[in-house]
Amino acid sequence: MPANRNALVRYKTLDACLRNRQRKWTLDDLIETVSEALYEYEGLDKGISRRTVQADLQLMRSDKLGYFAPIVVIDKKYYTYADPAYSITNIPLSDGDLSRMNEAVEVLKQFKGFSHFTALNEVVQKLEDYVYSTAQKSIPVIDFEKNDSLKGLHFLDDLYQAVVQKQAVRIQYQSFSARLPNTFVFHVWWLKEFKNRWFAVGMRDGKKNLMHLALDRMLTVDGAPDTDYTPNQHIDPELYYQDVIGVSVSENMRAIVVKLFVTRIHAPYVETKPLHHSQQIVERMADGIVIQLKVQHNFELEKEILGFGEGVQVLGPERLRRIIQRRLHAGLNAYEPVNETPLAGEQ
């Protein structure tokens, strides 16, 4: 293994430890964690020396790598960052980095237009725009939708590596309905994004049902080297989501035909950005259009319809129509003025 790659694993591991303030890190803790990372990612079982980790910490503090990491020692024992928001992944790119990224963009741009690389188009545009705006110190030309304050995004790379390396992870997770977090082993099969929210999709150890775990509900993600990884052998993600909007899939529910009337004002938006790939225009009228979808009835479908307010009306099925009607009425009632009874002595 190249020495520079070995070092990058060490720096990244140390960075993750120093950012984790839920634990106090002694030098021995850092050595143990780095040794585990090298074994987990690269199969090195010799461990790492105390001298090497101390040199890494000193190098991260210095300007040689451009990190200037604010590493401090508390009570002459515990290592952490003085700035809780600091990470070596947040440092600006050097001129050399920008040059190499620009070369990579030029290579990737050559694949535009090939059907097999259609999914790369947006990635290439993002890279090209980022390199240009950083090099020119100007505002980005393209402003992609993003939510930088979304919790859990720092787990994305660890979960991605778990899929690639086929390794189980131990996740501390607290759903919105749970009073306390729960820790369990999880086998990640793929990562799913929907409206800027990320999910790890896979199977909990010992269970059989497919689960979607939101990254913003994860508290910790660690390796589970004591558990053999259970791979995905029968589920095609593209087929799995083909009948739904969003990520809420019911394996026992059939897709239904949903008919919606879209007013003339909203029709151009719905035509140019379909609600689902099954969308078809059934009828055109002076005051709007009727579209048809074939989807499962889930929470995301209701939310999508409600998002148009008065601009979309459910024509069928009747059950969905009644549910949307009740939710709109409930929303209207929330804006009704409250008649407060005056207290004694008040006029």
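Residues numbered from 1 in each chain as written. Predicted model: local features only at pLDDT ≥ 70, side-chain atom pairs only at ≥ 80, totals over all residues. Heavy atoms only, no water.

Peer 1: What exactly am I supposed to notice about the packing of helix 9 (residues 299-306) against helix 10 (residues 318-333) here?
Peer 2: Geometry of a packed helix pair, given as the angle between the helix axes and the separation of the axes. Between helix 9 and helix 10, whose axes approach to 11 Å, the crossing angle comes to 60°. In this view, helix 9 runs oblique relative to helix 10, as classed from their interaxial angle. Regarding helix 9 and helix 10, the two cross each other, and that crossing is right-handed. From helix 9, Phe299, Leu301, Glu302, Ile305 and Leu306 reach across to helix 10, where they touch Leu320, Ile323, Ile324, Arg327 and Leu328. Across the contact of helix 9 with helix 10, the residue classes tally to 8 nonpolar, no polar and 2 charged. (Axes fitted to C-alpha atoms, helices over the stretch in contact; angles between N-to-C directions. Helix = DSSP H or I, 4+ residues; strand = E, 2+ residues; numbered from the N terminus. Parallel < 35°, antiparallel > 145°, perpendicular 65-115°, else oblique. Left-handed = near helix turned anticlockwise from the far one by under 90°. Contact = heavy atoms within 4.5 Å. Nonpolar A, V, L, I, M, F, W, Y, C, P; charged D, E, K, R; others polar.)

Peer 1: Could you clarify how one ought to interpret the sheet that holds strand 10 (residues 288-295) in this entry?
Peer 2: Strand pairing in a sheet relies on backbone hydrogen bonds, with the paired strands running either antiparallel or parallel. Spatial strand order, 9-10-8-11: 4 strands in an open sheet with antiparallel pairing. Strand pairing shows two members of the sheet lacking a second neighbour, strand 9 (280-285) and strand 11 (312-316), which therefore form its edges. For this sheet, the mean inter-axis angle between neighbouring strands, taken without regard to orientation, is 25°. In the sheet, strand 8 (residues 256-263) pairs with strand 11 via 4 bridges, with the strands oriented antiparallel. Residue valine 262 lies in a different strand from strand 11, and its bridge partner there is valine 312. (Pairing = 2+ DSSP bridges.)

Peer 1: Where do I start with the nonpolar core in this structure?
Peer 2: When a protein is soluble and globular, its nonpolar side chains tend to lie buried together. Membership of the largest hydrophobic core comes to 24 residues, with the highest contact counts inside it found for Leu30, Val53, Leu57, Met60, Ile71 and Tyr81. Counting residues in hydrophobic clusters, the runner-up holds 18 residues, among them Leu275, Ile291, Val312 and Leu320. (Core = buried A, V, L, I, M, F, W, Y, C linked by side-chain atoms within 4.5 Å. Buried < 20%, exposed > 50% of the residue type's maximum accessible area, 1.4 Å probe, protein only.)

Peer 1: Explain unusual backbone geometry to me, please; I cannot follow it from the model alone.
Peer 2: Across the junction of glycine 316 and proline 317, the peptide omega takes the value 5°, indicating a cis bond. Within the secondary structure layout, proline 317 lies in the loop between strand 11 and helix 10. Even without a glycine there, the phi angle at lysine 195 is positive, about 50°. Among the structural elements, lysine 195 can be located in the loop between strand 4 (182-194) and strand 5 (197-204). Among the residues examined, lysine 195 registers a relative accessible area of 54% and is labelled exposed.

Peer 1: Can you help me understand the side chain of threonine 227 in this one?
Peer 2: Inspection of the secondary structure assignment puts threonine 227 in the loop between strand 7 (218-223) and helix 7 (237-240). Every residue in contact with threonine 227, bar those within four places of it in the chain, is listed here: Ala168, Val185, His187 and Asp205.

Peer 1: Would you take a moment to explain the sheet that holds strand 7 for this structure?
Peer 2: Taken together, the 5 strands give an open sheet; going across it, the order is 6-5-4-3-7, and neighbouring strands pair in antiparallel fashion. Bordering the open sheet on either side are strand 6 (210-214) and strand 7, each of which pairs with just one other strand. Strand-to-strand twist across the sheet, computed as the mean angle between neighbouring axes with direction ignored, equals 45°. Bridging between strand 4 and strand 5 involves 8 bridges; their strand directions are antiparallel. Opposite valine 188, over in strand 5, you have glycine 202 as the bridge partner.

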